[in-house]
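Inside the fold
Here is how the chains run, residue by residue.
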Amino acid sequence: MDKIFIRIVAFIITFGLVVNLPWWISVLWLAGLTIYFPLYLEVLFFCFLFDTLYLPRYEFPYTALSVAFVFLLLVYFIRTRIRT
Amino acid sequence: MNYPLRNKPKHPNRAPIISVVVLFLIFCLSGFLFPNTLRSGLYSLSRPLWFLGGGVSSSFSKVKEFFVFRNNLISRNLSLEDQVMHLELKQVDYETLQKENQDLKSQLGRSDSSSHIISRVLSRPPQSPYDTFVIDVGLSDGVTVGSKVYISDSIIIGLVAEVTPHTSLVQLFSTGNRKQESTLLRTGASFVLEGLGGANFKLDVPKDADVLWGDVFVYPSLSSSVISAVYYIDTNSQSAFKTIYLRTPINVFSSQWVFVEKNNG
């Protein structure tokens with residue numbers, strides 16, 4: 001329950017930060033959360049938010065979303081390799 | 001003869017990977033299927049946060065002004081008064097020339113009838129990683145895709161790229177690798193400027209090309225609007241070309257307001 005609550009609070013704070021902070025700070029913040037939480041799926045939403053708010057056209061591959069996808073899988077693989 | 005393995009290899013749990021891939025595909029598909037609905041929804045969600053963030057940052061930026069010495073304030077005040085007087089004189093000249101310009105155009109049967117609406121900038125670089133602005137006017141205010149966006153009466157910065165009922169996304173001419181046709185005001189020659197991001201441009205021309213420091217490039221239209229001015233020319237003795245670096249003559253990223261050409265049709 002606590003973990004879910006922490007993730008919800010982190011989601012709300014991150015939404016505010018992503019919208020208002022310079023993009024490179026937001027990227028560092030998101031990278032930190034992705035490493036801290038096990039499988040931080042919310043990062044896909046936040047990078048999709050970046051693309052939706054600021055990218056002039058929806059053209060595949062969406063830049064931020066694709067980077068987040070690769071980074072999330074990379075962190076997951078490294079995490080599982082370290083633990084086993 | 002086959003012997004069964006004593007320790008069966010563990011099957012890795014594929015569920016997390018599948019969930020990441022599925023979510024990624026859902027976002028991609030929703031972007032394709034409902035681009036405008038998503039944009040409108042997310043702009044509506046972000047709008048109050050942008051206003052809140054803008055208010056907080058502007059109140060924090062004033063804090064340092066409380067700690068300025070009185071002498072500094074007096075000298076700054078005097079220099080600003082001088083500047084205001086100088087600008088007022090220039091304003092009179094400008095208005096006279098503008099009137100003369102409009103009269104000449106109307107005598108030649110051309111008139112610039114476009115009207116501009118003022119718009120608040122909701123988000124700009126460095127919040128946006130793609131050299132784009134989000135502004136608070138949209139379809140309901142007469143803005144359409146391709147409307148010109150100005151930062152002052154005569155400085156154009158970009159075009160509206162996406163529009164929702166109450167918000168628009170402005171793509172700057174300086175967006176990285178974007179090509180923009182422009183005219184050199186002094187000679188009338190046409191060039192294609194390449195965006196470098198952050199209100200900067202680059203232009204590669206033959207060494208003999210007549211481009212000088214401080215030259216102004218304008219948007220090719222009936223009423224000339226400044227896109228950028230030359231601030232550095234890189235000439236290499238080994239090359240037959242010279243690289244010209246240009247930037248918008250005003251700090252685009254500190255402005256709270258922009259002017260958008262309204263579609264009267």
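Scroll up a little and you will see the structure.
The structure contained in this document is the topic of the report that follows. What you are looking at is a predicted structure, and each value in this text was computed from that prediction instead of being measured. (Residues numbered from 1 in each chain as written. Chains lettered and ligands numbered in written order. Predicted model: local features only at pLDDT ≥ 70, side-chain atom pairs only at ≥ 80, totals over all residues.)

Of regular secondary structure, chain B possesses three helices and twelve strands. For a compact globule of 265 residues, the expected C-alpha radius of gyration is about 18 Å, and chain B comes in at 26 Å, more than 25% above that figure. Burial analysis of chain B (265 residues in total) assigns 24% to the buried set. Intrachain contacts of chain B at a sequence separation of at least 6 include 56% that bridge at least 24 residues. (Helix = DSSP H or I, 4+ residues; strand = E, 2+ residues; numbered from the N terminus. Rg over C-alpha atoms; globule rule 2.2 N^0.38 Å. Buried ≥ 20, exposed ≤ 12 C-beta atoms within 10 Å, placed from the backbone. Contact = placed C-beta atoms within 7 Å.)

Attention shifts here to the sheet that holds strand β10 (residues 225–235) of chain B. Residue and element names in this part refer to chain B. Strands sit in the order β6-β7-β8-β11-β10-β9 around a closed barrel of six strands; the barrel is antiparallel. Across the sheet, the mean angle from the axis of one strand to that of its neighbour is 45 degrees, orientation sign disregarded. Pairing of strand β7 (residues 190–197) with strand β8 (residues 200–206), which is carried by three bridges, proceeds in the antiparallel orientation. Paired with G197 across the two strands is N200, which belongs to β8. (Pairing = 2+ DSSP bridges. Axes fitted to C-alpha atoms, helices over the stretch in contact; angles between N-to-C directions.)

On to the pairing of strand β4 (residues 156–163) of chain B, then. In summary, the side chains of a regular strand alternate between the two faces of the sheet. Residues and elements named next belong to chain B. By the criterion of burial, β4 is predominantly enclosed, with seven of the eight residues buried. As judged from the three bridges shared by strand β3 (residues 148–150) and β4, these two strands associate in the antiparallel manner. By the bridge assignment for β4, K148 is matched with L159. With antiparallel pairing between neighbouring strands as the criterion, β3 and β4 make up a hairpin whose turn holds five residues. As defined by bridge partners, β4 adjoins strand β5 (residues 168–172) across five bridges and the pair is classed as antiparallel. Of the residues in β5, the one forming a bridge with V160 is V170. In sequence, β4 turns back onto β5 through a hairpin of four residues.

Take the interface of chain A and chain B next. Counting residues at the interface gives 24 residues for chain A and 29 residues for chain B. Going through the elements one at a time, α1 (2–20), α3 (42–54) and α4 (63–83) of chain A are the ones with two or more residues in the side of chain A that touches chain B. Counting residues per element, the side of chain A that touches chain B draws most heavily on α3(A), which supplies seven residues. Along the lines of polarity and charge, the residues of the side of chain A that touches chain B split into 21 nonpolar, three polar and no charged. (Nonpolar A, V, L, I, M, F, W, Y, C, P; charged D, E, K, R; others polar.)

Right, let's get into the sheet that holds strand β1 (residues 115–123) of chain B. Residues and elements named next belong to chain B. As summarised here, the arrangement of the six strands in space is β1-β2-β5-β4-β3-β12, forming a closed barrel in which the pairing is antiparallel. Each adjacent strand pair in this sheet contributes to an overall mean axis angle of 45 degrees, direction not counted. Pairing of strand β2 (residues 132–135) with β5, which is carried by four bridges, proceeds in the antiparallel orientation. Residue pairing for β5: V134 is matched across the bridge by L169.

Residue and element names in this part refer to chain A. Where α1 meets helix α2 (residues 23–36), the closest approach of the two axes is 10 Å, and the angle between their N-to-C directions is 160 degrees. Our classification of the angle between α1 and α2 gives roughly antiparallel. Seen along the crossing, α1 lies across α2 with a hand that is left-handed. Where α1 approaches α2, its residues A10, T14, L17 and V18 are matched on the opposing element by S26, W29 and L33. Of the residues assigned to the contact of α1 with α2, the class counts are five nonpolar, two polar and no charged. (Parallel < 35°, antiparallel > 145°, perpendicular 65-115°, else oblique. Left-handed = near helix turned anticlockwise from the far one by under 90°.)

What follows covers the nonpolar core. Formed by 57 residues in total, the largest nonpolar core has its most connected members in A:V43, A:L44, A:C47, A:L65, A:A68, B:I135 and B:V170. The element best represented in this core is α3(A), accounting for nine residues. In this structure, this core is formed jointly by two domains, domain 1 (16–63) and domain 2 (115–265) of chain B, each of which donates at least three residues. Ignoring any residue separated from it by four or fewer positions in sequence, one finds A:V43 in contact with A:L30, A:L33, A:T34, A:A68 and A:L72. (Core = buried A, V, L, I, M, F, W, Y, C linked by C-beta atoms within 7 Å. Domains from an automatic or database assignment.)

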